[in-house]
Amino acid sequence: MAGFTTGDGSFYLIIRANKLNEIPRIDIGFSIAQHSRDMLLLQKFVTFFNCGRIKKDSRHDVHYFVVTNVKDITNKIIPFFKKYYTKGVKSLNFVDWCEGAEIIRSKAHLSDEGVEQIRNIQSRMNSKRSEFNG
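Residues numbered from 1 in each chain as written. Predicted model: local features only at pLDDT ≥ 70, side-chain atom pairs only at ≥ 80, totals over all residues. Heavy atoms only, no water.

Colleague: So what about the overall build of the protein chain? Which residues, and what values?
Modeller: Check the secondary structure of the protein chain and you find 5 helices and 4 strands. Secondary structure of the protein chain in N-to-C order comes out as α-β-β-α-β-β-α-α-α. Scaling as 2.2 N^0.38, a compact globule of 134 residues should have a C-alpha radius of gyration of about 14 Å, and the protein chain matches this with 15 Å. For the C-alpha atoms alone, the extent of the protein chain along its principal axes is close to 45 × 35 × 30 Å. Evaluated residue by residue, the protein chain yields a buried proportion of 40% over its 134 residues. (Helix = DSSP H or I, 4+ residues; strand = E, 2+ residues; numbered from the N terminus. Rg over C-alpha atoms; globule rule 2.2 N^0.38 Å. Buried < 20%, exposed > 50% of the residue type's maximum accessible area, 1.4 Å probe, protein only.)

This is the structure in C-alpha cells:
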C-alpha cells in the first residue's frame, strides 16, 4: 500500500470559498489513482482500509480510491502510514498533511488563524514543494 501511494497517491488539503460565511471551507483527502482496468484493485483498497470510495476521473480513463472523512483519515489512514512509510517527497507531503489533519481534527481550521496555518501548509505541499523548501 505504501508503494502504491509513493507512486500514485496524493495527500491533499483544499481551501474553498464558503458563501455562507467568511471562513473558507477546508477539505482534506487521500487518494490513489489507477487505470480503470484496475478497478478490482481499487475496490480492495476500500476493503483493506474499511473506508473510502472509488471515484472516476471524467476526463481520463482513471479511477481513484478516495478518503475524505476526517475520522477515517485520523483513525485509519494516518496510523497506517505512520507504521508503513512512503518514500521520497511523498513522505514530506504526508508529514505536512498530518499537521493539517490535526488542525482540522481540533476544529482550529474554523478560525482565521487556522485557515492561515492550512494555507501555509498547503503552500509547501505536492506540486508547490521544491528542493529548496524541503
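Colleague: Explain the packing of aromatic side chains to me, using residue names and the numbers behind them.
Modeller: Applying the stated criterion to the full structure yields 18 aromatic pairs. One aromatic cluster is present, built from ring pairs that chain together Phe4, Phe11, Phe30, Phe45, Phe48, Phe49, Phe65, Phe80, Phe81, Tyr84, Phe94 and Trp97. (Phe/Tyr/Trp six-rings, centres within 6.5 Å; stacked < 30°, edge-to-face > 60°.)

Colleague: Before we move on, could you go through the confidence of the model for the protein chain and cite the residues and values that matter?
Modeller: Any segment with low pLDDT has predicted coordinates that should not be analysed in fine detail. Per-residue pLDDT for the protein chain has a mean of 91; in total, 96% of the residues score no lower than 70. Within the protein chain, helix 3 (residues 70-83) carries the highest mean pLDDT (97), whereas helix 1 (residues 2-8) carries the lowest (89). (pLDDT = per-residue confidence, 0-100.)

Colleague: So, the packing of helix 3 against helix 4 (residues 89-105): which residues are in play, and what are the values?
Modeller: A packed helix pair is summarised by two numbers, namely the angle formed by the two axes and the spacing between the axes. Relative orientation of the contacting elements helix 3 and helix 4 amounts to 150°, with a least axis distance of 11 Å. The angle between the axes of helix 3 and helix 4 places the two elements in the roughly antiparallel class. For the pair helix 3 and helix 4, the sense of crossing is left-handed. Across the interface between the two elements, Val70, Ile73, Thr74, Ile77, Ile78, Phe81 and Lys82 of helix 3 pack against Phe94, Trp97, Cys98, Ala101, Ile104 and Arg105 of helix 4. (Axes fitted to C-alpha atoms, helices over the stretch in contact; angles between N-to-C directions. Parallel < 35°, antiparallel > 145°, perpendicular 65-115°, else oblique. Left-handed = near helix turned anticlockwise from the far one by under 90°. Contact = heavy atoms within 4.5 Å.)

Colleague: Describe the state of the cysteines, and please don't skip the residues or the numbers.
Modeller: Such a bond, covalent and formed between the sulfur atoms of two cysteines, is termed a disulfide. Overall, the coordinates contain 0 disulfides when judged by the stated rule. No disulfide involves Cys51; its nearest neighbouring cysteine sulfur is the one of Cys98, lying 14 Å away. Accessibility expressed as a relative area gives 6% for Cys51, which makes it buried. Judged by its relative accessible area of 14%, Cys98 falls in the buried class. (Disulfide = S-S within 2.5 Å.)

Colleague: Pulling in residues and values, what's your account of the sheet that holds strand 2 (residues 25-35)?
Modeller: Read from one edge to the other, the open sheet built from 4 strands follows the order 1-2-4-3, with strand pairing classed as antiparallel. Of all the strands in the sheet, the pair left with one neighbour each is strand 1 (9-16) and strand 3 (53-56). Between one strand and the next, the sheet's axes are offset by a mean angle of 35°, whatever the strand orientation. The sheet contact formed by strand 2 and strand 4 (residues 62-67) spans 6 bridges and is antiparallel. What sits directly across from Gln34, in strand 4, is His63. (Pairing = 2+ DSSP bridges.)

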